[in-house]
Each structure stands twice: as C-alpha cells, then as structure tokens.
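Residues per chain, in single letters:
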Amino acid sequence: MSVLVDNTANLIAYRPARLTAMVVVADPRVRQSVTRHLWALGVRDVLEAQTAAEARSRMSATRDLAVVDIHLPDGSG
C-alpha cells in the first residue's frame with residue numbers, strides 16, 4: 001500500500017472510469033484499513049473477503065487490483 005501512496009504518479013497512466021479492487025485479509029482491522037486507503041486513492045468499488053473461499057465466491061468479474069494476505073485461514077494468498 002505504501003508504494004501506491006508514495007508513487008501516486010503511477011496511477012495517472014491508468015485511469016479507467018472506475019477502478020475496482022478486492023481486499024482479501026483475515027484480520028478485520030487490517031482489511032478495513034486497506035479499504036480506507038484504497039478509498040483515499042479514489043477506488044470506489046472495493047470487495048472485501050476474509051478467506052480465499054469467500055473471495056472466490058464473491059468474485060463475479062475481474063478486478064483492477066487485488067490486495068491479498070499471504071496467511072489466510074484456508075490457504076495461502
């Protein structure tokens with residue numbers, strides 16, 4: 001996340017009408033914090049999940065960005 005915040009110029013080259021993201025993090029506090037940071041960067045369509053299985057079931061279309069925890073309860077991100 002800090003890379004995006006520190007280098008916001010990189011986001012200017014790719015600006016679709018509406019950026020989409022998925023945040024898959026087990027810890028709800030961390031997940032909410034990442035979502036808030038994405039909102040601050042202008043991402044408005046953010047899906048959240050706490051397990052890999054939940055992420056797979058909620059994924060109906062591809063996303064522009066995925067933030068995934070490596071240590072999920074049901075597998076590796």
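So, how was this worked out
Residues numbered from 1 in each chain as written. Predicted model: local features only at pLDDT ≥ 70, side-chain atom pairs only at ≥ 80, totals over all residues. Heavy atoms only, no water. Pairing = 2+ DSSP bridges. Helix = DSSP H or I, 4+ residues; strand = E, 2+ residues; numbered from the N terminus. Axes fitted to C-alpha atoms, helices over the stretch in contact; angles between N-to-C directions. Contact = heavy atoms within 4.5 Å. Buried < 20%, exposed > 50% of the residue type's maximum accessible area, 1.4 Å probe, protein only. Right-handed = clockwise from strand over helix to strand, strands pointing away. pLDDT = per-residue confidence, 0-100. Polar contact = N/O pair within 3.5 Å; in protein donor to acceptor, adjacent residues only side chain to side chain. Salt bridge = Lys/Arg side-chain N within 4 Å of Asp/Glu carboxyl O.

A. Region of interest: the sheet that holds strand S1 (residues 20–24). Read across the sheet, 3 strands follow the order S2-S1-S3 without closing on themselves; strand pairing throughout is parallel. Of all the strands in the sheet, the pair left with one neighbour each is strand S2 (45–49) and strand S3 (65–68). This sheet shows a mean twist of 15° between the axes of neighbouring strands, independent of strand direction. Of the pairings in the sheet, the one linking S1 to S2 comprises 5 bridges and is parallel in character. Each bridged residue has a counterpart across the sheet, and for Val23 the counterpart in S2 is Glu48. Here helix H3 (residues 28–40) sits on the sheet in contact with S1, S2 and S3, set at roughly 170° to S2.

B. Quick peek at the pairing of S1. Where burial is concerned, most of S1 is hidden: 5 out of the 5 residues are buried. Neither face of S1 is open: one carries Thr20, Met22 and Val24, the other Ala21 and Val23, and all of them are buried. In this fold, S1 hands off to H3, which returns the chain to S2; that crossover is right-handed. Of the pairings in the sheet, the one linking S1 to S3 comprises 4 bridges and is parallel in character. Bridged to Val24 within S3 is Val68.

C. Fine view of the confidence of the model for the chain. On average, residues of the chain score 82 in pLDDT, and 77% of them reach the 70 mark or higher. With pLDDT under 50 throughout, residues 1–5 is counted as low confidence; its partners more than four residues away or in other chains account for 6 contacts.

D. Structural context of the side chain of Thr51. Relative to the helices and strands, Thr51 is located in the loop between S2 and helix H4 (52–58). For Thr51, the side chain forms a polar contact with the main-chain nitrogen of Glu54, separated by 3.0 Å. Leave out the neighbours within four places in its chain, and Thr51 touches Val24, Leu72, Pro73 and Asp74.

E. Seen up close, the pattern of salt bridges. With the rule as written, the count across this model stands at 3 salt bridges. In this structure, Arg31 engages Glu48 in a salt bridge whose closest nitrogen and oxygen atoms are separated by 3.5 Å. On the criterion of sequence distance, the pair formed by Arg31 in helix H3 and Glu48 in strand S2 is long-range, its members being 17 residues apart. Look at Arg31 and you get buried, because its relative accessible area is 10%. With relative accessibility at 25%, the residue Glu48 sits in the partly exposed group. Residue Asp45 pairs with Arg63 through a salt bridge whose shortest N-O separation is 3.2 Å. In this pair, Asp45 is assigned in strand S2 and Arg63 in the loop between H4 and S3, connecting sequence segments 18 residues apart.

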